[in-house]
Amino acid sequence: MSRSLPLIGFLLLVGLFGFGIWWNTQHDPREVPSPLIGKPAPEFSLPLLDDPARMVSKSSMLGKPYLVNVFASWCVACGEEHPVLMAEGRTLGVPLVGYDYKDAPEDAKAWLARHGNPYDIVIADQPGRTAIDFGVYGAPESFLIDARGMIRYKHIGPFTPEVIERELRPLIAQLKQEAP
Amino acid sequence: MAQAHAQAIDPLPFKDHAQEIRFQNLTRQLRCLVCQNENLADSNADLARDLRHEVFGLMQQGKTDDQIKQYLVDRYSDFVLYDPPVKPSTWLLWFGPALFLLMGAAVVLVTIRRRSRATRIDSRLVDNATIEQGDDW
């Protein structure tokens, strides 16, 4: 027994480190869990990209679930995500709100003109102040907000067709049942 | 040096030197979300600059350090704190090392006990042998 003790200790360590490696292949260790899930979305009032005189606010969006997708023309990963949103955005069954993050309006408009516009509306947060309230720390990030204005889901990084099928669609179906 | 550096990239209108020191101390305890191995004071990331301005603004509003930290934790979770708070989900993190130390100590203790018992038995055997055999040898 006492002679096999070092071996047992070694195997325990191998198991522990192996688990660590496995865990990090399954999870992005850089992903910051949002404390906002299940809480009311922060109040916001942001201008439309195409018509800065018109403001969109949290209260104007109440009543039906919607998906907010944080993007920017300078964001490389958003370019990866874009074709997925172009293909699937219209089939989600909820309005897709583009959230143009820390971007020059001309750049964002040119980017959407070049790659296509999957969004129902695009709001612009050039200073990035509201994004701090949402806990945004990069792009793309997406928030699913329900009819009562609660954040129900956050996805960090680009949407893939798999993530949309596995995580987003079931939740949207659930939210639409809840919606008044 | 770090202070001079942060000043150079990001001059902020501090009221006095004490406030500047407080700002530097506070931002050094907060993690940059973009480049996660840097603190807010040292990071050049765009978001880090925005958050420094946010911290500065909250200080001007008279918020305490704890209130400012809570403001950021509400948005970015405990992740922004370099010192994670002690709570059930972080117990393993905080007390894990002590646990390992205790486990190690237990192993050492058991080994020592077992060895000394073995020695005692050995010496008793030797004593008996000595008695049986007398002092002949």
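Data block above holds the structure.
Quick notes on the rules
Residues numbered from 1 in each chain as written. Chains lettered and ligands numbered in written order. Predicted model: local features only at pLDDT ≥ 70, side-chain atom pairs only at ≥ 80, totals over all residues. Heavy atoms only, no water. Pairing = 2+ DSSP bridges. Helix = DSSP H or I, 4+ residues; strand = E, 2+ residues; numbered from the N terminus. Axes fitted to C-alpha atoms, helices over the stretch in contact; angles between N-to-C directions. Contact = heavy atoms within 4.5 Å. Parallel < 35°, antiparallel > 145°, perpendicular 65-115°, else oblique. Left-handed = near helix turned anticlockwise from the far one by under 90°. Nonpolar A, V, L, I, M, F, W, Y, C, P; charged D, E, K, R; others polar. Buried < 20%, exposed > 50% of the residue type's maximum accessible area, 1.4 Å probe, protein only.

Novice: In this structure, what is going on with the sheet that holds strand β6 (residues 141-145) of chain A? I would like to understand it.
Specialist: Adjacent strands of a sheet pair through backbone hydrogen bonds, lying either parallel or antiparallel. All names here are of chain A. As summarised here, the arrangement of the five strands in space is β5-β4-β3-β6-β7, forming an open sheet in which the pairing is mixed. Of all strands in the sheet, those with a lone pairing partner are β5 (121-125) and β7 (151-156), marking the two edges. For this sheet the average axis-to-axis angle between neighbouring strands, irrespective of direction, equals 20 degrees. The strands touched by helix α3 (residues 76-88) within the sheet are β3 (66-71), β4 (96-101) and β6, with β3 carrying the most contacts at an inclination of about 150 degrees.

Novice: Quick question: what am I supposed to make of the packing of α3 of chain A against helix α4 (residues 105-115) of chain A here?
Specialist: Helix-helix packing: each pair is described by the crossing angle between the helix axes and the interaxial distance. All names here are of chain A. Interhelical geometry of α3 versus α4 gives an angle of 50 degrees and a closest axis separation of 11 Å. Considering the angle they form, α3 stands oblique to α4. The hand of the α3/α4 crossing is right-handed. Two secondary-structure elements touch here, α3 through Cys 78, Gly 79, His 82 and Met 86 and α4 through Trp 111, Leu 112 and His 115. Residue composition of the contact of α3 with α4, by class: four nonpolar, three polar and no charged.

Novice: So what exactly am I meant to see when it comes to the pairing of β4 of chain A here?
Specialist: For a regular strand, side-chain orientation follows a simple rule: the groups alternate between the two sheet faces. Residue and element names in this part refer to chain A. Counting buried residues in β4 gives six out of six residues, a clear majority hidden from the surface. The alternating pattern of β4 places Leu 96, Gly 98 and Asp 100 and Val 97, Tyr 99 and Tyr 101 on opposite faces, both of which are buried. Inspection of the sheet shows β3 paired to β4 by five bridges, in the parallel sense. The residue of β4 that forms the bridge with Leu 67 is Leu 96.

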